[in-house]
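Inside the fold
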Amino acid sequence: MTLAGCHQPASNGNSSNTAASTPAGPAKPAATADENTWGTYLAEQGKLHGKDVGMKPYIYVIPGGDSVTANARRQNEIDSIVHGIGPILMPGGMLILGGPDAKQTTAFITNLSTQLKGDVMKGIVVMVVSEASEQAADTAALKSSGATVRFITM
C-alpha cells in the first residue's frame, strides 16, 4: 500500500524553516518498522515542521532495499509524483519524502529530479526527512525543480 496522496492534516500557523527536529519531535522508527509506522512518523514530522503550509501534504514513504518489489515501488512513486501529483500540486502545497534508508531516499530524490521539468515545483514545499549526511545531496538534487526544500533530520 502506497501512502502517496495520504492526506494528513497540516494545521495553519507560523513556523520557521527548521533544519533539524526538535528534541520533543517524534521518535525515529526502527529501520525494520512497517510502512504504516513510517507513514505516521512522516505525518508527525509534517505536523511539527509544516504548520505554515495550508494544504494537506502528500506523503511518500520511500522503501529501502534492492529487491524487485522495492525498486518497482520507488519507480511507481516517481511516476506518481511526475505524472500524477506534480501536475495538480499547487503553490503552497507540500510533499513529504522519507524512509528507513537515507541513501535510498537520496537516490530516489536524485532520480526524481532528473525526471522533473525545471521549476515545476516552484512555490511547493518539499520536506525531506532523512539523515543529516544527505542534506546537501538532497537539496542540490531538488534545486532545479524550484521547490522550497525543507530538510528535517531524523
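All chains use their own residue numbering, which begins from 1 and follows the written sequence. Predicted model: local features are reported for residues with pLDDT of at least 70 only, side-chain atom pairs are reported and counted for 80 or more only, and whole-chain, interface and lining totals are derived from all residues. Computation of side-chain values covers all heavy atoms of the structure but excludes hydrogens and water.

The strands that make up a sheet are held in pairs by hydrogen bonds between backbone atoms, and each pair lies either parallel or antiparallel. Here 4 strands make up an open sheet; going across it, the order is β1-β2-β3-β4 and the pairing parallel. The sheet is open, and its two edges are formed by β1 (58-61) and β4 (148-153), each paired on a single side. Strand-to-strand twist of the sheet, defined as the mean angle between neighbouring strand axes without regard to direction, takes the value 15°. By the bridge criterion, 4 bridges tie β1 to strand β2 (residues 94-98) in an arrangement that is parallel. Its bridge partner being in β2, Ile59 is matched across the sheet by Ile96. In this description, strands pair whenever DSSP reports at least two bridges between them. In DSSP terms, a helix is any run of H or I states spanning at least four residues, a strand is any run of E spanning at least two, and both are numbered starting from the N terminus. Geometry is summarised by axes, namely lines fitted to C-alpha atoms with helices restricted to the contacting stretch, and by angles between N-to-C directions that run from 0 to 180 degrees.

Another aspect to go through is the pairing of β4. Two strands pair when backbone bridges link them, and strand β3 (residues 125-130) and β4 are joined in this way by 6 bridges, in the parallel orientation. Counterpart to Met127 in the pairing with β4 is Arg150. Crossover connection from β3 via helix α4 (residues 135-142) to parallel β4: handedness right-handed. Every crossover in which the path from the first strand over the helix to the second runs clockwise, viewed with the strands pointing away from the viewer, is termed right-handed.

Attention now moves to the nonpolar core. We call a set of buried residues a nonpolar core when its members are Ala, Val, Leu, Ile, Met, Phe, Trp, Tyr or Cys and they connect through side-chain atoms within 4.5 Å of each other. Each residue is placed in one exposure class: buried if its accessible area under a 1.4 Å probe, protein chains only, is under 20% of its type's maximum, exposed if it is over 50%, and partly exposed if it falls in between. Counting 22 residues, the largest nonpolar core has Tyr60, Ile81, Leu95, Leu97, Phe108, Met121 and Val126 as the members making the most contacts within it. Residue contributions to this core peak at 4 residues, all from helix α2 (residues 68-88). Counting 14 residues, the second largest nonpolar core, distinct from the first, contains Tyr41, Ile59, Met94 and Ile96.

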